[in-house]
Amino acid sequence: GPAGNSAAEILRQRPEIGFARLLQGVAYINQGRLLEAEPVLVELLRRDPENRDGKYNLGLVFFRTERLDKAEGLFAAAYESKPPDLRGLLGLVEIDVSRKQFDRALGRLDAALQKEPGNKVLQAAKASAAVRGGKYTEASAMFRKLAEADPTNYDLRMRLAETFRLQGDWGQAAEAWK
């Protein structure tokens, strides 16, 4: 795509520009060209080991290519950076869920919510992880609270309805859409 091509042109002329390398790597990821994104992001981190966007995006490449141990290390490094990158935490949660370690995923989210109790992204991630772990009652309570706080958010209402459907409660599922 245009972003990847522009970044490649900039890098040919000025290889020290890390942001262009990041843009090129992200463009490759967005195009599904993960094996091309990997060396670009590895080079970015070689030149700038503390680049949290590079850590997260290389972690994403590893996650999508099912190299979960490598992804886990990079997501953890992104989340532990200053300031913390919440995407890193969400990546760790996805790894836990993919490994069927639902309690571990929920524990990570609970710990983060202790620090940021009002964070709606974390609350929605916890509700989603609870659904994926089969904890529908807990998930529906969380989605209901989020939907009540943001009644025009149709995504939350859809997720609430879907959670009720998974519980087998079609009446509550229909009610969630009203």
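Cut-offs used in this document
- Residues numbered from 1 in each chain as written.
- Predicted model: local features only at pLDDT ≥ 70, side-chain atom pairs only at ≥ 80, totals over all residues.
- Heavy atoms only, no water.
- Helix = DSSP H or I, 4+ residues; strand = E, 2+ residues; numbered from the N terminus.
- Buried < 20%, exposed > 50% of the residue type's maximum accessible area, 1.4 Å probe, protein only.
- Contact = heavy atoms within 4.5 Å.
- Areas by Shrake-Rupley, 256 points an atom, 1.4 Å probe, with all protein chains shown as cover.
- 1 Å grid on protein atoms, 1.4 Å probe; cavity = no way out; pocket = protein on both sides within 12 Å on 5 of 7 lines; lining within 4 Å.
- Points joined across faces, edges and corners; volume = space filled by probe spheres on them.
- Nonpolar A, V, L, I, M, F, W, Y, C, P; charged D, E, K, R; others polar.

Draft legend 1. Molecular detail of the overall build of the chain. Looking only at helices and strands, the chain has eleven helices and zero strands in total. Relative to its full complement of 178 residues, the chain shows a buried share of 44%. Here the analysis covers contacts within the chain between residues at least 6 apart in sequence; of these, 35% occur between residues at least 24 apart. For the chain, the accessible area works out to roughly 9,800 Å², and carbon and sulfur atoms hold 55% of it.

Draft legend 2. The environment of Ala-78, seen in detail. Inspection of the secondary structure assignment puts Ala-78 in helix α5 (residues 68-79). Along the primary structure Ala-78 and Glu-50 are separated by 28 residues, whereas in three dimensions their C-alpha atoms are 8.7 Å apart. The contacts of Ala-78, once residues within four sequence positions are left out, are Arg-52, Lys-55, Tyr-56, Pro-84, Asp-85 and Gly-88.

Draft legend 3. The layout of surface pockets, seen in detail. In this structure, the largest pocket encloses a volume near 240 Å³. If you go around the largest pocket, you meet 16 residues; those closest to its centre are Arg-87, Leu-90, Gly-91, Val-93 and Glu-94. Among the residues making up the lining of the largest pocket, the classes are represented as ten nonpolar, two polar and four charged.

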